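# Residue-level structure breakdown
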Amino acid sequence: MAVSKLTIILSLFTLLSTLLQAKSAPLIKQVKVQDQDTQPFVGVNIGTDVSNLVSPSALVSFLQVQKITHIRLYDANPDLLKALAHTKIRVIISVPNNQLLAIGSSNTTAAAWIGRNVVAFYPETLITAVSVGDEVLTTVPSSAPILLPAIESLYSALVAANLHTQIKISTPHAASIILDPFPPSQAFFNQSLSSVIVPLLQFLSKTGSPLMMNLYPYYVFMQNKGVVPLDNSLFKPLTPSKEMVDPNTLLHYTNVLDAMIDAAYSSMKNLNFTDVVVMVTESGWPSKGDSKEPYATIDNADTYNSNLIKHVLDRSGTPLHPEITSSVYIYELLNEDLRSPPVSEANWGLFYGNSTPVYLLHVSGSGTFLANDTTNQTYCVVMDGVDSKTLQAALDWACGPGRANCSEIQPGENCYQPNNVRSHATYAFDSYYQKEGRVAGSCDFKGVAMITTSDPSHGNCIFPGSKKATNTTRQVVNSTDINGAESRVRFVTFWSWRISAINKWWLLFLVLAFNILLLW
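First things first, this report covers the structure right here in the doc. Once a new chain begins, its residue numbering starts again from 1 and follows that chain's sequence as written. Local features are withheld for residues below a pLDDT of 70 in this predicted model, meaning they are given only at 70 or higher, and side-chain atom pairs are given and counted only at 80 or more; totals for whole chains, interfaces and linings count all residues. In computing side-chain properties, one takes all heavy atoms of the structure into account and sets aside hydrogens as well as water.

## Looking at the overall build of the protein
Numbering of helices and strands runs from the N terminus, with a helix taken as a DSSP run of H or I at least four residues long and a strand as a DSSP run of E at least two residues long. Along the protein, the regular secondary structure elements total 15 helices and 15 strands. In the protein, which comprises 520 residues, the share counted as buried stands at 46%. Summarising the internal contacts of the protein: among those between residues at least 6 apart in sequence, 70% fall at separations of at least 24. Values of accessible area rely on a 1.4 Å probe in the Shrake-Rupley scheme; residue burial ignores everything except the protein chains shown. With the model as given, the accessible surface of the protein reaches about 26,000 Å², and the carbon-plus-sulfur share is 57%. When accessible area is computed with a 1.4 Å probe and restricted to protein chains, residues below 20% of their type maximum are described as buried, those above 50% as exposed, and intermediate ones as partly exposed. Contacts were defined at the residue level, with two residues in contact if any of their heavy atoms lie within 4.5 Å.

Right under this line is the structure:
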């Protein structure tokens, strides 16, 4: 009996001790949150061939407002890197092609480059990678022999600075280095590049760096019209009969980008590399083109980039690798209006150089990437530098066939003053834009209008889309959100109280049982 009593007491004591310890620890272990850099993300490329480019500090402020957390630069601009310090924006910096020879020929030069452009700013500025050159194998093939030596020299400099585990090194490639890309299972690297590709993949595998690829379904579509449907290129929903099927794997492809990514994976597998991840360093769609580029439109650019963002943030991977979702950098943040023809070259941006959106992305529900969304209030206004004759024609169309409500710009009404064609056209354009539901293409008027997030209302002249006219509605929506949040808090609190109460009853029971046994 004594042994049995002692055993029971010890068992109860152990259980009591366990519960007391558990009281100070979570009942349910938290799910480990993956490091942000390993989660798939959408970033943007920032080119600088822009007239009147804003200052680095203003650009960084704009990125923060737009909730853009990953960017890629085509150089290592010190002023911009300094402005990025102490922000949460992660940046890939680049070695321009014209610096490859010097860096690849001298370890000292490579070390100086890392010291000047990485060590001087990290970790205050979150540099995540160095991209060495850009499409070197296809645009400057004469530099191909020096590409890997340049990469290795820079990596050695990172090792010396003890930054090689935090900052990756790779080089972006054009899609054309892969031959026979569809079906993806048959794709392979251009064999004439094997002397560079194979040791490069060995380096990427050894250092855990990504294979950087610039992938443009736009060019695939333009070069294969009649073979590749537009809907496949734009991520539009497809019926099973329109999906592309790889006859070797029987995998179904609903969009061109996934097929291009899997072609890269198959090409690496053919060379026995299966541990290198693909990162898409450029992808996008132009919003304007010349007569030979009829598919470079605002509607197509909006559709492609909106669907691309959703696709990445859905984390659905590719048919070949559903477990791996490639991160993508959209080309590009700003329209580079100083770029040489064709017209599309200057029209890949999500925003104009003055920071107003070229079009409104439809990315609601896809995380917090970009404030440039249909969830924000936007307006359609006249662009700068448009002549009065062209504006008058657009105004006449908006108030006539366009059926915009132009009553407020009639004599004696609130928006009649200032009485000039620019002011009246701005009101009419916004009236039409709001009437059409702010859909892509409804703010163009043959290229004389643009979308802005700045309310053009003035004095008693309240524009159709003004927040001043919708303040009551917005308050109701916000109160609904607050009520929903309060409900969630109440549920969590109630559940925590239930768990806490159950613990208290168990503890009370065990204490009483322990005392009874001691008296037994």
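Resuming the write-up.
## What about helix H11 (residues 256-270)?
Expected helix span is computed as 1.5 Å times (number of residues minus one). In a regular helix each residue adds 1.5 Å, so 15 residues correspond to 21 Å; H11 covers 21 Å between its end C-alpha atoms and thus fits that length. Burial analysis of H11 places 13 of its 15 residues in the buried class, which makes it a mostly covered element. Polar contacts here mean pairs of N or O atoms no more than 3.5 Å apart (in protein, one a potential hydrogen donor and the other a potential acceptor; neighbouring residues in sequence count only if both atoms are side-chain atoms). Near the N-terminus of H11, the side chain that reaches the backbone nitrogen of Leu257, with its oxygen 3.2 Å away, is that of Asn255. Once H11 finishes, Asn272 follows within two positions and takes phi at roughly 70°, a positive value.

## Details of helix H14 (residues 421-435)
An α-helical turn contains 3.6 residues, so any two residues separated by three or four positions project in the same direction. The end-to-end C-alpha separation of H14 is 21 Å, in line with the 21 Å expected for 15 residues at 1.5 Å each. Counted residue by residue, H14 has 13 buried out of 15 residues, so it is predominantly covered. Gly437 sits one or two positions beyond H14 and adopts a positive phi of about 80°.

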